[in-house]
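# A structural walkthrough
In case you want the letters, here they are:
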Amino acid sequence: MVRANGAVSLRELARVVQTSEVTVRRDVRALEAEGLLDRRHGGAVLPGGFTRESGFPQKSHLATAEKTAIADVAASLVEEGEAIVVGAGTTTQELARRLARVPGLTVVTNSLLVAQALAHANRVEVVMTGGTLRGSNYALVGSGAEQSLQGLRVSRAFLSGSGLTAERGLSTSNMLSASVDRALVQAAAEVVVLADHTKLGSDTMFQTVPTDVITRLVTDEPPAHDERAATELQALADQGVQIAVAGTGAGSGPAGGDQLPPGARPRRDVPLPGQRGRMVAGQFRGQGGGGFAAEALERTARVADLRRR
């Protein structure tokens, strides 16, 4: 799966091999030790370090349920008649599909995918930046894109990226994309970052949005045993980032996220200092113990199965 898609989340691996995420995490460690993949927070990628970036075909198949839930919550932040900027990415593409229903909206974007999602929305005005097309993510980059954003002022910027840490903020693997994202941030009064749990704790080469500039993070619920994600969310909250967690479970409503009335804004859903656990749409729940026992032969078989996939 990693070879085919470039990256994969632990949730998807667990679903495919029909076992727990805890067990898959151990198996992924074994594959990393053999040099077959690199572990990333909440998932795994092909070896390549800070500079590796998956293209759109690979990203579009990763964490799809999480991106849908995040987009639902993010769309609830947008108000009628507002002017916003939306950056490139598969999560922002999902957001754009929901913005088509907001009347009087003006969307400035450097993403062909975002523009395409809004192309037939009669009540939404779409403004494209200039620039040079970057084919791997269908985004306009370069000096033309950056210059077209000079002098622009909007209420909010909605951005995604390759990694998010409390230490460095949002980052990406491509220098040209990072430069345009910085220009998008400069044009906005508030910055909303859309990042699923697989990006929490991951750090890539080029910083796009420092933590102190991020107004709000919309993410999904980390896996129950993912203490690193919970710790990262705590650190982000301690630095003043407002955090909204979109639910992806069956009890989260038809849209897969925290259902908010039109125009409502997510609460500041952050853990209390010193707490550790997992964040769920408006609550912070302590983690229960999980069984770590697994037979060695079964683990060997699963690792072999993961290699084949």
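Look a little higher up for the structure.
This text gives an overview of the structure that appears in the document. (Residues numbered from 1 in each chain as written. Predicted model: local features only at pLDDT ≥ 70, side-chain atom pairs only at ≥ 80, totals over all residues. Heavy atoms only, no water.)

Glancing now at the pattern of salt bridges. One pass over the full model with this rule turns up six salt bridges. For the salt bridge of Arg156 with Glu82, the shortest nitrogen-to-oxygen distance reads 2.2 Å. Residue Arg156 is found in strand E9 (residues 154-159), and its partner Glu82 is found in the loop between helix H5 (64-75) and strand E4 (83-86); the two are separated by 74 residues along the sequence. On the basis of relative accessible area, Arg156 is assigned to the buried category, the value being 5%. Two residues, Glu190 and Arg156, come together in a salt bridge whose shortest N-O distance is 3.4 Å. With Glu190 in strand E12 (residues 188-194) and Arg156 in strand E9, this residue pair connects regions lying 34 residues apart in the sequence. Given a relative accessible area of 30%, Glu190 falls into the partly exposed group. A single salt-bridge network, built from bridges that share partners, covers Asp72, Glu94, Arg97 and Arg98. (Salt bridge = Lys/Arg side-chain N within 4 Å of Asp/Glu carboxyl O. Helix = DSSP H or I, 4+ residues; strand = E, 2+ residues; numbered from the N terminus. Buried < 20%, exposed > 50% of the residue type's maximum accessible area, 1.4 Å probe, protein only.)

Its place among the elements puts Asn174 in the loop between strand E11 (169-172) and helix H9 (175-186). On the basis of relative accessibility, which here comes to 16%, the residue Asn174 falls in the buried class. Of the polar contacts made by the side chain of Asn174, one reaches the backbone nitrogen of Ser177; its length is 2.9 Å. (Polar contact = N/O pair within 3.5 Å; in protein donor to acceptor, adjacent residues only side chain to side chain.)

This part covers the pairing of E9. Within E9, five of the six residues are buried, leaving the element largely enclosed by the surrounding structure. Pairing geometry for E4 and E9, over three bridges, is parallel. Paired with Ile84 across the strands is Arg156, a residue of E9. Here E9 runs beside E12; their pairing, made up of five bridges, is parallel. (Pairing = 2+ DSSP bridges.)

Between its first and last C-alpha, H9 extends 17 Å over 12 residues, near the 16 Å set by a 1.5 Å rise per residue. Within H9, burial applies to Ser177, Ala178, Val180, Asp181, Ala183, Leu184 and Val185. N-cap assignment for H9: the residue whose side-chain oxygen lies 3.0 Å from the backbone N of Leu176 is Asn174. (Expected span 1.5 Å × (residues − 1).)

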